[in-house]
Amino acid sequence: MITRFPTHVGDPTCASAVRAGGFLFLAHHAGGFDRREYAAQTRATLHSLGETLATAGAGFEDVVQVTLWLRELTDETREAWDVFAEFFGDQPPARMTATTDFFDPACLVMVDAVAYVGDRG
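Worth saying up front: this structure is predicted, and the values here are computed from it rather than measured. (Residues numbered from 1 in each chain as written. Predicted model: local features only at pLDDT ≥ 70, side-chain atom pairs only at ≥ 80, totals over all residues. Heavy atoms only, no water.)

Within this model, the largest pocket holds a volume of roughly 330 Å³. Lining the largest pocket are 14 residues, and of these Val-9, His-28, Phe-103, Asp-104 and Met-110 sit closest to its centre. In terms of residue class, the lining of the largest pocket is built from seven nonpolar, four polar and three charged. (1 Å grid on protein atoms, 1.4 Å probe; cavity = no way out; pocket = protein on both sides within 12 Å on 5 of 7 lines; lining within 4 Å. Points joined across faces, edges and corners; volume = space filled by probe spheres on them. Nonpolar A, V, L, I, M, F, W, Y, C, P; charged D, E, K, R; others polar.)

As structure tokens, then:
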């Protein structure tokens, strides 16, 4: 069975999450655009991800893979990585970090993720 969760970014062409079988695919999580700091935006982004996970009956402990999208690699990049420990503790998911341009020039950080939720509702 496939369940699509409503968009959280106002784009009706993109669900915030799609559950397919035991997996939850999460897209377009970002936030904190009022601050031009990688750590602050990463924290806001992961908070947004956590809200979507909770809506789907999951948590950070269920996340198995994250793609961390950054506007660019700078001296602040390490600060973005360090924020992950605040949310994932000592059991982090697999992570890929890549750079890209974003449509919104204020955006420095975005994440996509995959969580395993098994047979839960």
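Under the 1.5 Å per step criterion, the end-to-end length of helix H2 (residues 77–88) is 18 Å for 12 residues, consistent within 8% with the ideal 16 Å. Contacts made by the buried residues of H2 are with helix H1 (38–55), strand E4 (63–70) and strand E5 (94–99). Trailing H2 by a residue or two, Gly-89 shows a phi angle of about 60°, which is positive. (Helix = DSSP H or I, 4+ residues; strand = E, 2+ residues; numbered from the N terminus. Expected span 1.5 Å × (residues − 1). Contact = heavy atoms within 4.5 Å.)

The phi dihedral of His-28 is positive, around 60°, even though this residue is not glycine. Mapping His-28 onto the fold places it in strand E3 (residues 23–29). Among the residues examined, His-28 registers a relative accessible area of 32% and is labelled partly exposed. (Buried < 20%, exposed > 50% of the residue type's maximum accessible area, 1.4 Å probe, protein only.)

Inspection of every chain in the model, using the stated rule, returns three salt bridges. Where Glu-86 meets Arg-43, a salt bridge forms, and the shortest distance between an N and an O atom there is 2.7 Å. With Glu-86 in helix H2 and Arg-43 in helix H1, this pair connects stretches of sequence that are 43 residues apart. The class for Arg-43 is partly exposed, based on a relative accessible area of 34%. We note a salt bridge from Asp-82 to Arg-78, for which the minimum N-O separation is 3.5 Å. With Asp-82 and Arg-78 both in helix H2 and four residues apart, this pair spans about one turn of that helix. (Salt bridge = Lys/Arg side-chain N within 4 Å of Asp/Glu carboxyl O.)

Let's shift gears to a nonpolar patch on the surface. The grouping of Phe-23, Phe-25, Val-64 and Tyr-116 at the surface amounts to a nonpolar patch, some 370 Å² of accessible area in total. Note on placement: Val-64 falls in strand E4. (Patch = residues over 30% accessible without salt bridge, like charges linked within 9 Å, V, L, I, M, F, W, Y side chains within 5 Å. Areas by Shrake-Rupley, 256 points an atom, 1.4 Å probe, with all protein chains shown as cover.)

What follows concerns the nonpolar core. Looking at soluble globular proteins, one finds that nonpolar side chains tend to be buried together. Leu-24, Leu-26, Leu-49, Leu-53, Val-63, Val-66 and Phe-88 are the most contacted members of the largest nonpolar core, which has 26 residues in total. At the level of elements, E3, H1, E4, H2 and strand E6 (109–116) are the ones that each hand at least two residues to this core. Broken down by element, the residue count for this core peaks at five residues, all from H1. When sequence neighbours within four positions are dropped, the list of residues in contact with Leu-53 reads Leu-24, Leu-26, Ala-58, Gly-59, Phe-60, Val-63 and Ala-115. (Core = buried A, V, L, I, M, F, W, Y, C linked by side-chain atoms within 4.5 Å.)

Here the focus is the side chain of Thr-42. If you trace the backbone, Thr-42 turns up in helix H1. Its relative accessible area of 1% is what places Thr-42 among the buried residues. Look past the residues within four positions of Thr-42 in its chain and what remains in contact with it is Ala-80, Val-83, Phe-84 and Val-109.

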